[in-house]
Amino acid sequence: MAFKRSAGKSEEKGKAAYPKGEGAVGKNLLAEVSYGWNDDARGLQLVTAIRNGIDFVGFESVASRTPLKDQDWAAILDTTLRTLLRYKKDNKTFAPKQTEKIIEIQQLMHYGEKVFGSLHSFHSWLLMENVALGGIVPKELLDTSVGLGMVKDSLGRIEHGVLA
């Protein structure tokens, strides 16, 4: 089933016009998005939010819950630090692919907090070499979907008591 685009007046400057609620992803939606939030009842809302993008203010609300530095975020979002700073200055809206990555990191933060019982403990784990991940620091895997999946799988094993 294809997602229908709106046509006409709502299309601006060559951007596809998707059904929009409030425009860019709002803080309320970001606060609600957790690891298990991809169920059928809310999946389309999440897809629409990703297509609409997240502005820098919304991004900052996610970034503040992570141990990631601006340079880390630039790598994760496949951009440069300079571009990231420009987004901040102009409160620009991130592209859908970048928004999706931001939301995936938000979901990971919620999941890690659930597994470890505190965000601080999860942050410590995220920044330490991990034997189950071949000695790699989990944070270093967040720039790819496969790496993010590996980190989630590792959290799942910890959650279920399978440490290796």
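Read on for an overview of the structure. (Residues numbered from 1 in each chain as written. Predicted model: local features only at pLDDT ≥ 70, side-chain atom pairs only at ≥ 80, totals over all residues. Heavy atoms only, no water.)

To continue, consider the environment of Asn52. Its location among the elements puts Asn52 in helix 2 (residues 40-52). Look at Asn52 and you get buried, because its relative accessible area is 8%. Here the alpha-carbon distance between Asn52 and Pro96, two residues 44 residues apart in the chain, equals 6.8 Å. (Helix = DSSP H or I, 4+ residues; strand = E, 2+ residues; numbered from the N terminus. Buried < 20%, exposed > 50% of the residue type's maximum accessible area, 1.4 Å probe, protein only.)

It is worth spelling out unusual backbone geometry at this point. Phi at Asp78 takes a positive value of approximately 55°, unusual for a residue other than glycine. Following the sequence through the fold, Asp78 ends up in the loop between helix 4 (70-76) and helix 5 (81-90). By relative accessible area, Asp78 is classed as exposed at 71%.

With that settled, the discussion passes to the nonpolar core. With 29 residues, the main nonpolar core has Phe59, Trp73 and Phe94 as its most contacted residues. Mapped by element, the contributors of at least two residues to this core are helix 3 (56-63), helix 4, helix 5, helix 6 (96-116), helix 7 (119-126) and helix 8 (145-159). Looking at this core element by element, the count peaks at 6 residues for helix 6. Not counting residues up to four positions away in its chain, the partners in contact with Phe59 are Ile54, Trp73, Leu77, Leu84, Phe94 and Ile102. (Core = buried A, V, L, I, M, F, W, Y, C linked by side-chain atoms within 4.5 Å. Contact = heavy atoms within 4.5 Å.)

To continue, consider the side chain of Asn130. Along the chain, the position of Asn130 falls in the loop between helix 7 and helix 8. Separated by 3.1 Å, the side chain of Asn130 and the backbone nitrogen of Leu133 make a polar contact. Non-local contacts of Asn130, meaning those with residues more than four positions away in its chain, are made with Trp125, Gly135, Ile136, Pro138 and Ser154. (Polar contact = N/O pair within 3.5 Å; in protein donor to acceptor, adjacent residues only side chain to side chain.)

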